[in-house]
There are 2 protein chains.
Amino acid sequence: MTGQTRFNSWQAVHDEVLRRIREREWKPGDSIPNEDDLAREFGCARSTVNRALRALADAGLLDRRRRAGTRVALHPVGKATLDIPVIRREIEARSQRYGYALQSRQDAVPPGPVRAVLNLGPDARAQHVLALHLADGRPQAIEDRWINLATVPQAADADFAKVSANEWLVDNATYTHGDITFSAQSATAAEAALLGVDAGAALFVIDRTTWHHDDAVTTARLAYAPGYRIQTRI
Amino acid sequence: MTGQTRFNSWQAVHDEVLRRIREREWKPGDSIPNEDDLAREFGCARSTVNRALRALADAGLLDRRRRAGTRVALHPVGKATLDIPVIRREIEARSQRYGYALQSRQDAVPPGPVRAVLNLGPDARAQHVLALHLADGRPQAIEDRWINLATVPQAADADFAKVSANEWLVDNATYTHGDITFSAQSATAAEAALLGVDAGAALFVIDRTTWHHDDAVTTARLAYAPGYRIQTRI
DNA sequence: TTGGCTATTATGTATGCACATATTAACCTG
DNA sequence: CAGGTTAATATGTGCATACATAATAGCCAA
């Protein structure tokens, strides 16, 4: 009764294991057979099974531990991977005309929270850029950004009137890791005026900070006009 | 000049390639050496290089095509993977007391948009569940859900007063794929009353729909109380 | 020139083997 | 029986090899 169907690709094994999990043949918390046994059952090499199970573990459906074996995740954590595109490309992808308008740009002492995030001393200055991104001429997002000149000194000479700080940094500053927060916030009066909406409107806000090793590179707040949404499949 | 440092693990290769991308030794758009050459340079097997490059491609840093080779992604699409937890676990993870309050539950004809998403006929009925999730007694999120009884008939008998539809579905209905949207929306009067906030407050909203193959399972709207945010690292 | 065939090339994947490593179970030893 | 040592086990990874597959380049013929 064993060898009718052959699962000789890691995709096939992946799909079959996934099926067994979904059909509750293997229930959450259950230990599943080890790789050797599965390889024998599926008629393939252990490395093939390994790759399939690894993919499922990456997706959060399996918990694997050496010696302890593999078991079906107790709480199938839904993981969604979403793309954080450069705003211009996001707008152009919708076949809209991208526009960019620098509002202000100055060397200044950042407010406390920003100073803390950038790990700056109380009197240290940073480059502040406030700009508007437009889609077909309509305000799409406000970019409120602070750039750490200690980490990216060239930013002092960049021409943020032509290219957005967003894009300039992508091309001119590398980062090793970052941190993104998504939230909903009511538009302040200033933001409402810039975006051309009523004060208090619900804005989708993305806060992002990036570091190069231990040095903070930049921290930015992107406040999107009402109607903006991020979508993904799982 | 070749063999001083050895990169004999896929992690080491991964890190070295990543370094070269970040340090702009290999610039966006550049073609990088093929796997065989890299294997020779790094003093390891091609499969080791393959695994490293595959990981970087998954992360969006490399574009790979058969025969065409591997090149550094032109627009390093930032991909963020974020966890979509079950609300109860999310609250408990913050060491808060989880509470759940069913508001209403009925068999009804869903409104047009929901009907469209669930792919139901004009007179078809579905199970509607409205509930409140509480953290330390304070309203945390409103769950407004429609369940397709054609796909999940057992939902008609479930006791949504005790266990949230959210969790009941995790345990009782499987899905093959889904679709998630994040947005910011102003609280309606009804929502504001339920959450105990001012009408018009900015709410973080997650809309999720899941399917089992071609059959829609459920569609839900989770509106979070102000202050809620989703965070992740990149 | 056009259209299609073919060879080439780089990635994609399967396999069998070996060894590494984390973790647990079993076994001592005092 | 406590506590530590050792063996057993499942996953993790590396390697060499082979073949599969996609995409291109080059060629040839109508």
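Source: prediction; values computed, not measured.

J.: With reference to specific residues and values, describe helix α1 (residues 10–22) of chain A.
T.: Residue and element names in this part refer to chain A. Over its 13 residues, α1 extends 18 Å from the first C-alpha to the last, a length consistent with the 18 Å expected when each residue adds 1.5 Å. Within α1 the residues assigned to the buried category are V13, H14, E16, V17, L18, R20 and I21. Each element contacted by the buried residues of α1 is listed here: α2 (35–42), α3 (46–58), β2 (62–65) and β3 (69–72). Of the residues flanking the end of α1, it is R24, one or two places downstream, whose phi is positive at about 65°.

J.: Quick rundown of the environment of D214 of chain B? Include the residues and the values.
T.: Considering the arrangement of structural elements, one finds D214 of chain B in the loop between β9 (202–212) and β10 (215–224). D214 of chain B sits 95 residues away from N119 of chain B along the chain, and the two C-alpha atoms are 9.6 Å apart.

J.: Help me get a handle on the interface of chain A and chain B, residues and values and all.
T.: The parts lose accessible area when they come together, and the size of an interface is often stated as this lost area. Every contact between the two is made by 44 residues of chain A and, on the other side, 43 residues of chain B. Each partner contributes to the roughly 3900 Å² buried at the junction of chain A and chain B, and carbon and sulfur atoms together form 52% of this total. Together, R22, F182 and I234 of chain A form the three largest contributors to the area buried by chain A at its contact with chain B, with a combined 16%. Our enumeration of links across chain A and chain B arrives at two salt bridges. Residue D179 of chain B is joined to R233 of chain A by a salt bridge in which the shortest nitrogen-to-oxygen separation is 3.0 Å. Of all the secondary-structure elements, those providing two or more residues to the side of chain A that touches chain B are α3, β4 (78–84), α6 (165–172), β8 (177–186), β9 (202–212) and β11 (229–233) of chain A. Looking at the side of chain A that touches chain B element by element, the count peaks at ten residues for β8 of chain A. The residue makeup of the side of chain A that touches chain B, split by class, is 17 nonpolar, 15 polar and twelve charged.

J.: Tell me about the domain arrangement of chain A, residues and numbers included.
T.: The domains assigned to chain A are domain 1 (10–72) and domain 2 (87–224). A C-alpha centroid distance of 44 Å is found between domain 1 of chain A and domain 2 of chain A.

Calculation notes
- Residues numbered from 1 in each chain as written.
- Chains lettered and ligands numbered in written order.
- Predicted model: local features only at pLDDT ≥ 70, side-chain atom pairs only at ≥ 80, totals over all residues.
- Heavy atoms only, no water.
- Helix = DSSP H or I, 4+ residues; strand = E, 2+ residues; numbered from the N terminus.
- Expected span 1.5 Å × (residues − 1).
- Buried < 20%, exposed > 50% of the residue type's maximum accessible area, 1.4 Å probe, protein only.
- Contact = heavy atoms within 4.5 Å.
- Buried area = accessible area lost by both parts, 1.4 Å probe.
- Salt bridge = Lys/Arg side-chain N within 4 Å of Asp/Glu carboxyl O.
- Nonpolar A, V, L, I, M, F, W, Y, C, P; charged D, E, K, R; others polar.
- Domains from an automatic or database assignment.

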